[in-house]
Amino acid sequence: MQAILPFMYVKERSQNNMAKRLLLIGGNFSPEQTGIGKYNGEMIKWLAAGGYDCSVITSYPYYPQWKVQPPYDKHKNWYRKEVMKEEGWQGKITVYRCPQYVPAKPSGKTRMLLDFSFAVSAFFKLLQLLPRKKFDVVISVVPPFHLGLLAVLYKKLRGAKVLYHVQDMQIEAARDLNMIRSPRLIKMLFGLERYILKRADMVSSISDGMMSKIQQKAGKDIFFFPNWVDVTLFHPLEERMLLKTEYGFAASDKIVLYSGAIGEKQGLEAILHAADRLKEQDGLKFLICGSGPYKEKLMGLAEEMGLQNVIFFPLQPFERFNHFLNMADVHLVIQKGNASDLVMPSKLTTILAVGGLALVTANSGTSLHKLVSTHNMGIVVDAEDQDALNEGIIRSMNGNVREMASNGRAYAETYLSVGEIMTRFEEAVIVR
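From a predicted model like this one, the values you see are computed outputs, not experimental measurements.

Cut-offs applied
- Residues numbered from 1 in each chain as written.
- Predicted model: local features only at pLDDT ≥ 70, side-chain atom pairs only at ≥ 80, totals over all residues.
- Heavy atoms only, no water.
- Helix = DSSP H or I, 4+ residues; strand = E, 2+ residues; numbered from the N terminus.
- Rg over C-alpha atoms; globule rule 2.2 N^0.38 Å.
- Buried < 20%, exposed > 50% of the residue type's maximum accessible area, 1.4 Å probe, protein only.
- Contact = heavy atoms within 4.5 Å.
- Patch = residues over 30% accessible without salt bridge, like charges linked within 9 Å, V, L, I, M, F, W, Y side chains within 5 Å.
- Areas by Shrake-Rupley, 256 points an atom, 1.4 Å probe, with all protein chains shown as cover.
- Salt bridge = Lys/Arg side-chain N within 4 Å of Asp/Glu carboxyl O.
- Lys, Arg positive; Asp, Glu negative; His and termini not counted.
- Charge placed at Lys NZ, Arg CZ, Asp CG, Glu CD.
- 1 Å grid on protein atoms, 1.4 Å probe; cavity = no way out; pocket = protein on both sides within 12 Å on 5 of 7 lines; lining within 4 Å.
- Points joined across faces, edges and corners; volume = space filled by probe spheres on them.
- Nonpolar A, V, L, I, M, F, W, Y, C, P; charged D, E, K, R; others polar.
- pLDDT = per-residue confidence, 0-100.

*Asks:* Requested: an account of the overall build of the chain, with residues and values cited.
*Replies:* Counting its regular elements, the chain contains 16 helices and 14 strands. In terms of overall dimensions, the chain is globule-like: its C-alpha atoms have a radius of gyration of 22 Å, near the 22 Å expected for 432 residues. Projected onto its principal axes, the C-alpha coordinates of the chain cover approximately 65 × 50 × 45 Å. A buried classification covers 58% of the 432 residues belonging to the chain. The contacts in the chain between residues at least 6 apart in sequence include a share of 72% that link residues at least 24 apart.

Next comes the structure, spelled out in structure tokens:
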């Protein structure tokens, strides 16, 4: 076990495997603590701890604040190289930070500019690395989907194996959420994606529903590579009621928590409407924690509605996050109806690990609905149905839900352990 990553089980590898060089091309990376950047960072650190020589072409950390974070903001307009080598690691990580445009208020158009600007700067960095060391495996993480073109280019020129890993089905989400309205542009983007899928040596994704949709387009088997959680770092705590007092609440308060990115397209206004409908419920508090471009507008709306039972917190320190999550009585996982099978919310894995009660909005037939219902590890209500959400919150406060929380923790321990997932990934993708 390594001090920096206490959850990481690293098995013995042969010298032949340790000599392999890996390249990750992804728009998000450590030290981002949420979303894709978190998983990219943990994946590469796990591999480096086990002996692989890892390189990363990525951007400067900006998510979920949508602003490059200190101290990286001093160098955000140019390239920067970092070398990470921790005590006990058998390998190392070389990170190449690339400049990109980061919109303060992301929209469909500005997100496209962000993705395009990073792809261009990453392309020039890849060209610079081409005559240097030879990478054995190139991993491209989606979104943005077109980074796969860079991985395919490297494969053609240097013969590396390519893994194309899909975290979000970006094109479908942009189409269904009306972020891109041009049918011609959507058709062109799908064409580029098919080109990448056909030429990747392996394609992976994080849920059954997403894998099924990708398989129809790719015409090949899709490898199951789910998001994981550190089940030793995130775990249930005793005396949860007393934890509430550390954050200014009464021990008897019932806390409904939403923790994560705060964006305009997520439908988070539903939380405010639920708070308004249930404002007569004694001691019921709605806590919205995180950052994002829509937070100020959401705060203004809460003030206009006169909601005294809604509290906003900033993004919490990572070292205190387990305590913070354990405080909540119910955790909201809010999804739009037409996105339920296009993304798998990463926050759910951590909720399950702490033994929290998840209240998920997902329609019947989606993989998210099936997952939570099959294992009885949360309450599932129809997406974009305000009455159903309100009733779900009432049920979570008054019903017998302890078994659901216990089932969630058991599921995390059995299926979401990072050591198990990464060992299977290594054997299937890198060693083979």
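*Asks:* Please give an account of a negative patch on the surface that cites residues and values.
*Replies:* Taken together, Asp382, Asp385, Asp387 and Glu391 make up a surface patch of like negative charges. Residue position: Asp387 is located in helix α14 (residues 386–398). Take Asp387: its relative accessible area is 53%, and that puts it in the exposed class.

*Asks:* How would you explain empty space enclosed by the protein if you had to name every residue and give the values?
*Replies:* It is a probe the size of a water molecule, rolled over the atoms, that shows where empty space is left. One pass over the structure, following the stated rule, counts two cavities of 30 Å³ or more. The computed volume of the largest cavity comes to approximately 40 Å³. Taken together, Tyr39, Asn40, Met43, His165, Gln167, Phe225, Pro226, Asn227 and Trp228 make up the lining of the largest cavity. Looking at which element gives the most residues to the lining of the largest cavity, the answer is helix α2 (residues 35–49), with three residues. For the lining of the largest cavity, the per-class residue count stands at five nonpolar, four polar and no charged.

*Asks:* Describe the confidence of the model for the chain, with residues and values.
*Replies:* On average, residues of the chain score 89 in pLDDT, and 94% of them are at 70 or above. Ignoring residues within four places in sequence, the model shows residues 1–16, a span with pLDDT below 50, making 30 contacts including any to other chains.

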